[in-house]
Amino acid sequence: MKQYTQLAEIQADLRAGSLRCEDLVRQYLAAIAARPEINAFLEVFEAEVIAQAQAQDAAIARGEWQLLTGLVLGIKDNIAYKGHVFSASSKILDGFESLFSATVVERLLAEGAMIIGRLNCDEFAMGSSNENSAFGRVLNPINTDYVPGGSSGGSAAAVAAGFCHASLGTDTGGSIRQPAAYCGLVGLKPSYGRISRHGIIAFGSSFDQVGPFAKSIEDVALLTQVMAGPDAYDTTCSTLEVGQYVPIATDKKYKFAVIKELLSGEGLDPELQAAFQQKVAQLKAAGHEIVEVSFPYLPYAIPTYYILATAEASSNLSRYSGVHYGYRSGNATDLESTYKKSRTEGFGEEVKRRIMMGTFVLSEGYYDAYYGRGQKVRRLLRDKSLEILQQTDAILTPTTTGTAFKFGEKSDDPIQMYLEDIFTVLANLTGLPAISVPFATHSNGMPLGIQLMGRPFAEAEIFALAKALQA
Amino acid sequence: MESTIYDQYELVVGLEVHAQLNTQSKAFSSDSAAYGAAPNTQVSPISLGHPGTLPKLNERALEFGVKLGLAMNCEIRRWNEFARKNYFYADLPKGYQITQHTTPICYNGWVDVRNDDGSKRRIGITRIHMEEDAGKSMHDQDAFDSLIDLNRCGVPLLEIVSEPDMRTPREAYLYLTEVRQLVRYLDICDGNMEEGSLRCDANISVRKKGATEFGVKVEVKNMNSIRNVQRAIEHEFKRQIDMLQKGETIYSETRSFDAVNGTTFALRSKEQANDYRYFPEPDLQPVVVELAYIEEVRNHMPLLPSQLIERFTNSYGLNEYDALVLTDNREVALYFNELTSLTTNYKQAANWVMGPVKSWINAEAQSMDAFPLSSKQIAALIALIDEGVVSNSVATQKLFPAMLENPAASPMDLAKQMNLVQERNVDELRMHVEAVLAAWPDKVAEYKSGKKGVLGLFMGDVMKRTQGKADPKMTSQLLNEILSS
């Protein structure tokens, strides 16, 4: 079976007549069936995607081409697809079918994408290892002893394993970029407000963004192009014009900011640190400028993120109550016990932990000390980031502190797990776009990712910067 | 009158009024906001709180908020944020209500109420904020289950919070009447308390007269008429004073009004109250209200009762009582206002609207909108009277009822058809007068000897001979002329 890294290659073969969409889809279906232990898909829309492929083949025969013709896509289980179950990998929504499609799904389908199935993830997108799914953990297809990362673990694993060409994930604190790094993929968290959240199960509403996983920067850019832009259903979505993301400009020299406090390498895997330094040297040699900046607030990013995101989550998850839809405990006898028992039985441990944290930080008497202060720190972090990005084109960091870790390594210690997000949360706190691209391989055989964070709504530039990293 | 222990205390009342807005669609979705549809038919995934749905502000709700704020002399907040009020209840599918917490759209306003002795009282408006309604829980419709109707879920509300400025139950009654009149004039809410489109909670406390500190306030809910708000306050005033007199402590609590026996009973103490965990609604951008927008709303404001009263008294020379009666109901006031552009006989116009027109509305139990005659026709009727074509009594007793039967016909044509036009031909009238006087020589003699009272007899006879069509003014002139010759 031929492996494609770019949609352009697929489309070339389709044009040449050496490939049909149906064959491609059947190849993916066979690959999924061959490695069930990966557990990336919660559901494969087999008959449906074959029908979509046949329709595409017929369209191609008529000479009709769309931007995403030939692209087979998996979607994270927190993205609505009309008439399909979406559960955010939670028992509390098990079997819940959406009455409508997310704006991103509609836009991708309208450009010819074929949706092959829904992808496993950490429950309600809360987690960094995909160990929190109510439907079992996802294995890293590169080495199944390792986690694929989270929360979009299924989305990353599926593309890395060749189960589909690309996938959608969501990123609230790093949930696209971290698994992209752990599975050797390109993953983008767009600027907050670049892509509609309509039809996305909310975790932290002021942080959540949908984004693509793919093997190439080009395909990530193309998918972002199709999904981005204003949406009447999401008033937090920007009305700013999207512009052109493809083709990607590659000829410029850039200024990269690196954060002094990180260069010491404290807490970093030594091999990752060395690879990062080497990449920095390589960029300099290629004529780019490296600017060392200080970012003293950085240690506050994780606590701030966990205060604000859990606060929003505690409210966003109130609707899963057992009353109107989703899981209802059979042991409930009245309204109060319907709430308590349905939520106790329906939510997993990590989700309950975060609801408790979020409820606490919003409580009367604690609001100012936690949520109120968190908002102020958030503003400081954004101001500082924008200040750095006035002098430079992007902030360059490793995506993670090391490679993917092994199952169970961090699952007993929530704090250790939360520290996984150290480099990624800044982009969510500030609303800035950030991309992770694979840049090295560790001696343990696992990939390493490097992250670029750019100016708000400068996605086009982010893709160009990412290309410069790969050059 | 004997003074009682109650006279030593002062009542302090502030009201929280929820006005359900009569927008086409809901506050944050395009679902219909109409009242009275079959349960759970006006819902979409947004009203149902389905995962992945997001709110979008209905701009009409914002406009209504600004309108009401301007009518209540408020400052309008330029930078508006929405907040989430979190609590679990079966008729609140999202688990939170979208409302405004720290940035209400309107603040620092006032309305004047007119006490029965004519004195004005100014009641402060603390704030008016936008929010969405919850669904309706019905606990008495089914023997075993509570039923939930989510049609109301998401319908826009304005919550109007007054200062604790009311000192008598009557003032609360008058304030609420004023609020209801304003929302009806602005056409933003139908003001119907029985159906719950206007809801009122009262914060009630008492203190010794002369005290500067407020007493502990008790919140009373579930009063479904303005009259019941007054009754609840009357009851609470006495209940709280009785408690204090017995040395008991009043706790801050929420009570419910029992309309059957006019008392209140405890629902829950404030200590048991929810912690709503308010925080800024992240799914909605803050709304910036531009000055130009406020001006545009201001320029499109309908005339308010206070403005109409001023116009009716100052420009049209009506007395204050008439002006109050005419402005009591918005449709009646607008009808009268229209009428004043078609006739300058304002007093006559006022009498027609306050008399026959209002009588018709009352007798038919109809609204002004259903009144069949246009203001043009009433103006034409007034003109006929003014020109002496028909007499006032004929107009009231015969022509007006005929017009109601036949709203399309012109009053003049009807008057002719029915032979109601006054006899104003002097020669013709003189003939009738002379014939009457000739028939009563002894009465003429009586008149000439000074018994002027017989004039009425002559007049009545002339009317009889002319079937009521004789112009009374002319007839009386002729009688005088002939008798004194």
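Residues numbered from 1 in each chain as written. Chains lettered and ligands numbered in written order. Predicted model: local features only at pLDDT ≥ 70, side-chain atom pairs only at ≥ 80, totals over all residues. Heavy atoms only, no water.

**Quick word on the sheet that holds strand S10 (residues 434-441) of chain A**
Residue and element names in this part refer to chain A.
Then comes step 1: One open sheet accounts for eleven strands, arranged S1-S3-S2-S4-S6-S5-S10-S11-S9-S7-S8; its pairing is mixed. In the strand order of this sheet, the two ends are held by strand S1 (41-44) and strand S8 (289-293), each with one partner. Averaged over all pairs of adjacent strands, the angle between their axes in this sheet comes to 30°, without regard to strand direction.
Then comes step 2: The sheet contact formed by strand S7 (residues 255-259) and S8 spans five bridges and is parallel. What sits directly across from Val-258, in S8, is Glu-292.
Then comes step 3: Each of S1 and strand S3 (114-119) touches helix H3 (residues 46-61); the most contacted strand, S3, lies at about 160° to it. (Pairing = 2+ DSSP bridges. Helix = DSSP H or I, 4+ residues; strand = E, 2+ residues; numbered from the N terminus. Axes fitted to C-alpha atoms, helices over the stretch in contact; angles between N-to-C directions. Contact = heavy atoms within 4.5 Å.)

**Digging into helix H9 (residues 270-285) of chain A**
All names here are of chain A.
Then comes step 1: Taking 1.5 Å per residue as the helical rise, H9 with its 16 residues ought to reach 22 Å, and the 22 Å between its terminal C-alpha atoms agrees with that figure.
Then comes step 2: Looking only at H9, the buried set comprises Leu-272, Ala-275, Phe-276, Lys-279, Val-280 and Leu-283. When H9 is viewed along its axis, its buried side chains cluster within an angular range of 140° and face the same direction. Summarising the geometry of H9, the exposed residues directed more than 90 degrees from the buried face are Pro-270, Gln-278, Lys-284 and Ala-285. (Expected span 1.5 Å × (residues − 1). Buried < 20%, exposed > 50% of the residue type's maximum accessible area, 1.4 Å probe, protein only. Arc of directions from axis to C-beta.)

**Here we look at the packing of helix H5 (residues 305-315) of chain B against helix H6 (residues 320-327) of chain B**
Residue and element names in this part refer to chain B.
Then comes step 1: Contact geometry of H5 with H6 gives a least axis separation of 9 Å together with a crossing angle of 140°. Judged by the inter-axis angle, H5 sits oblique to H6. Crossing geometry of H5 relative to H6 is assigned as right-handed. From H5, Pro-305, Leu-308, Ile-309, Phe-312 and Thr-313 reach across to H6, where they touch Glu-320, Ala-323, Leu-324, Leu-326 and Thr-327. (Parallel < 35°, antiparallel > 145°, perpendicular 65-115°, else oblique. Left-handed = near helix turned anticlockwise from the far one by under 90°.)

**Focus: the packing of aromatic side chains**
Then comes step 1: In this structure the tally under the stated criterion is 30 aromatic pairs over all chains.
Then comes step 2: For the ring pair Tyr320(A) and Tyr325(A), a centre distance of 6.4 Å and an interplane angle of 75° mean the geometry is edge-to-face.
Then comes step 3: Judged by its relative accessible area of 11%, Tyr325(A) is buried.
Then comes step 4: Ring plane angle 75° and centroid distance 5.8 Å describe the contact between Tyr87(B) and Tyr276(B), whose orientation is recorded as edge-to-face. Taken as a pair, Tyr87(B) in the loop between strand S4 (83-86) and strand S5 (96-99) and Tyr276(B) in the loop between strand S14 (263-269) and strand S15 (279-280) lie far apart in primary sequence, 189 residues in all.
Then comes step 5: Taken together through their ring pairs, the aromatic side chains of Phe86(A), Phe96(A), Phe124(A), Tyr320(A), Tyr325(A) and Phe347(A) make up a single cluster. (Phe/Tyr/Trp six-rings, centres within 6.5 Å; stacked < 30°, edge-to-face > 60°.)

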